[in-house]
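# Descriptive analysis of the structure
Listed below are the residues making up each chain.
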Amino acid sequence: MKSQPWTAYSQNIASLNISKKTKDNINDIIKVSYVADDITYEMLGSRKRKIVENNMVLAKVIHEFFRLSITAVGNIFGKHHASIIHYINVYENSLYRDSDCAELYSMLCDYTIDKLYGVKADMSVVDTDRLNNIQLRKLVQELRVKNEDLEYKLVNIKNAIHA
């Protein structure tokens, strides 16, 4: 029986100088992401769009929530730090518009917030500035997508009127 794809990164995560809880959370997030996108073990290391985009979203979420260095995130995926910078930039500059990637990002953010703070987080112990910042980033990305969609519709309406 082949390994589950998310186990491929377990040794890389285990080698990081972070708490066991953080390591477990990162492993869980990768598992949830790969299960959600039906990532198979055979896809690992390939350049298939599905795995590359999934890893781009994962790199962004892991870097954002766990404040790991770009190099540490690269070590998880066996990638050079420049690849992780590229992953994050591609997501922030274009992939957030892709509905599947935006949905995966949103789901992973919600999952990570629940994992870190609990479904019913005790706000007296939550770093609210950090939580609010993450929620605001997510909202800004969602609003960008809606804004672009509305601009597109407006252009179509203007063209229809002038036609």
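Now for a description of the structure that goes with this document.

What counts and how
Residues numbered from 1 in each chain as written. Predicted model: local features only at pLDDT ≥ 70, side-chain atom pairs only at ≥ 80, totals over all residues. Heavy atoms only, no water. Helix = DSSP H or I, 4+ residues; strand = E, 2+ residues; numbered from the N terminus. Buried < 20%, exposed > 50% of the residue type's maximum accessible area, 1.4 Å probe, protein only. Contact = heavy atoms within 4.5 Å. Areas by Shrake-Rupley, 256 points an atom, 1.4 Å probe, with all protein chains shown as cover. Salt bridge = Lys/Arg side-chain N within 4 Å of Asp/Glu carboxyl O. Core = buried A, V, L, I, M, F, W, Y, C linked by side-chain atoms within 4.5 Å.

### A word on the overall build of the chain
Across its full length, the chain carries seven helices and zero strands. Along the chain, helices and strands appear, N-terminal first, in the series α-α-α-α-α-α-α. Here the chain, with 163 residues, has 36% of them falling under the buried criterion. Taking contacts inside the chain between residues at least 6 apart in sequence as the whole, the part at least 24 apart equals 65%. Accessible surface, the chain as shown: approximately 9,900 Å² in total, 52% of it carbon and sulfur.

### Comments concerning the pattern of salt bridges
Taken as a whole and assessed by the stated rule, the structure comprises five salt bridges. Here D28 ties to K115 by a salt bridge, and the two come within 2.8 Å at their closest N and O atoms. With D28 in helix α2 (residues 20-36) and K115 in helix α6 (residues 99-117), this pair connects stretches of sequence that are 87 residues apart. Residues joined in a network through salt bridges with shared partners are K60, E64 and E92.

### Let's talk about the nonpolar core
With 38 residues, the main nonpolar core has I30, Y34, I62, L68, I76 and F77 as its most contacted residues. Mapped by element, the contributors of at least two residues to this core are α2, α3 (49-66), α4 (70-77), α5 (81-93) and α6. Tallying contributions element by element places α3 first for this core, with nine residues. Not counting residues within four places of it along the chain, the set of residues in contact with I62 comprises I26, I30, R67, L68, V73, I76 and F77.

Shape descriptors only; they carry no functional weight alone.
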